[in-house]
Amino acid sequence: MRACNVKQGTPVYSGKAKSLYRTDKEGELLVAFRDDITAFDGGKKDVLTEKGSLNAKVSARLFSLLEEHHIRTHFIRLIDNSSMLVRELEMIPLEVIVRNIAAGSMVRNYPISEGTPLDPPVIVIDYKDDSLHDPMLNDDLILAMKILSNDELVRMKELALRINIVLSRFFEARGIILVDFKLEFGKYGGDILVGDEISMDSMRLWDAKTKGSLDKDVYRFEKGDVLAVYRQVTDKVLKKGETL
Ligand SMILES: Nc1ncnc2c1ncn2[C@@H]1O[C@H](COP(=O)(O)OP(=O)(O)OP(=O)(O)O)[C@@H](O)[C@H]1O
Ligand SMILES: [Mg+2]
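These notes cover the structure that comes with them.

Reading the values: rules and limits
Along each chain, the written sequence defines residue order, and numbers are assigned to residues from 1. A letter from A marks each chain and a number from 1 marks each ligand, given out in the order of writing. The model is predicted, so local features are restricted to residues of pLDDT at least 70 and side-chain atom pairs to those at 80 or more, both for listing and for counting; the totals for chains, interfaces and linings are taken over all residues. As a rule here, side-chain values cover all heavy atoms of the structure and leave hydrogens and water aside. One side-chain nitrogen of Lys or Arg within 4 Å of one carboxyl oxygen of Asp or Glu is enough to make a salt bridge. Secondary structure is summarised from DSSP: a helix means a run of H or I of at least four residues, a strand means a run of E of at least two, and numbering begins at the N terminus for each. Relative accessibility thresholds used throughout: buried, under 20% of the residue-type maximum; exposed, over 50%; partly exposed, between the two (1.4 Å probe, protein chains only). Note on definitions. A residue lies near a molecule or strand when any single heavy atom of the residue is within 4 Å of it. Two N or O atoms form a polar contact when they lie within 3.5 Å of each other; inside protein one atom must be a possible hydrogen donor and the other a possible acceptor, and for residues adjacent in sequence the pair counts only when both atoms belong to side chains. We get accessible surface area from the Shrake-Rupley algorithm with a probe of 1.4 Å; when it comes to residues, only the shown protein chains can shield them. Residues are grouped as follows: Ala, Val, Leu, Ile, Met, Phe, Trp, Tyr, Cys and Pro are nonpolar; Asp, Glu, Lys and Arg are charged; every other residue, Gly included, is polar. Planes of paired rings set the category: under 30 degrees apart is stacked, over 60 is edge-to-face and the rest tilted, where pairs are Phe, Tyr or Trp rings (Trp by its six-membered ring) whose centres lie within 6.5 Å. Remark: a charge is flagged as sitting over a ring if the NZ atom of Lys or the CZ atom of Arg is within 6 Å of the ring centre and within 35 degrees of the ring normal.

**Some remarks on the pattern of salt bridges**
- With the rule as written, the count across this model stands at 22 salt bridges.
- The shortest N-O distance in the salt bridge between K51 and D201 comes to 2.7 Å. Of this pair, K51 sits in helix α1 (residues 51–68) while D201 is found in the loop between β13 (191–195) and β14 (203–207), placing the two residues 150 residues apart along the sequence. Of the two residues examined, K51 and D201, each falls in the buried class.

Now the structure itself:
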């Protein structure tokens, strides 16, 4: 048994980096952040001891930060170093990416150079389906596929932009630039909540001084000691003091 409130040892779902477990309480799940790290659609894989706990701690802190700013998330509490209790959401199969600076696939796919500031920020929404390689959608496609109503789509994008402001300020105060990040949302009652994770796996972070990577790009492109970088970000995120 992983924790006292977990019903059984078999996950209800196991993705590339996290496993979900049922709990004794209807409507609540336990998310276990594993030490697996993957990139390029699973083409590159490794196990890095401690990585799961670093991502769990950062996600927990950032979900709490959003709640402090009246943005609802699935987060209830951390159960141990690498697992959190969450509200079970009806996940929306979209990856909502907010970009403040051009990098990654944006510079690979479009004629825009890395480091170009994007003001206003750019929201890109992909259809979350590995077998289709997460194709990019637009508003019309989202409505045609009946993934969301127009009102829900507007609300989700509004939430993504509010979250961007909160997270960007938080990182700026810690000498880190939030270049871009990916969110997953889910339906809960009549509301849309932030789910999944907000971690070094799902954000692109640059050191404000050196512009060096402080995220999964260190692993993707073998830029250095990925665990050391994840630890450095975790220390800054968890540091008490000005929270913004
Ligand atoms: N509150 C929640 N309720 C229900 N499902 C959730 C919740 N939060 C996250 N999930 C889902 O749990 C899964 C987390 O697993 P994980 O991120 O490892 O795999 P994945 O998203 O399927 O694959 P990928 O490695 O591409 O991210 C995802 O499918 C995610 O959408
Ligand atoms: Mg995932």
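**What to know about the site of ligand 1**
- Around ligand 1, a shell composed of 17 residues is seen, among which Y13, K18, H74, K128 and E184 lie nearest.
- At 2.5 Å, a side-chain N or O of Y13 approaches an oxygen atom of ligand 1.
- Side-chain polar atom of K128 to an oxygen atom of ligand 1: 2.5 Å apart, as the coordinates give it.
- Its free accessible area being 610 Å², ligand 1 has 86% of it covered by the protein chains.
- Those elements that provide at least two residues to the shell around ligand 1 are β2 (18–22) and β7 (83–87).
- Among the residues forming the shell around ligand 1, the class breakdown is seven nonpolar, two polar and eight charged.

**Description of the packing of aromatic side chains**
- In the structure shown here, the tally under the stated rule is three aromatic pairs.
- Taking the centre distance of 6.2 Å and the plane angle of 20° together, the rings of F63 and F75 count as stacked. Note that F63 is positioned in helix α1 and F75 in strand β6 (residues 75–80), a separation of 12 residues in sequence. The pair formed by F63 and F75 is uniform in burial state, with each residue classed as buried.
- Summarising the aromatic geometry, the rings of F170 and F171 are spaced 5.6 Å apart at their centres and angled 90° between planes, so their arrangement reads as edge-to-face.
- Of the residues examined, F171 reaches a relative accessible area of 0% and is grouped as buried.
- Its guanidinium or amino end placed over the ring of Y219, K44 lies 4.6 Å from that ring's centre, counting from NZ or CZ.

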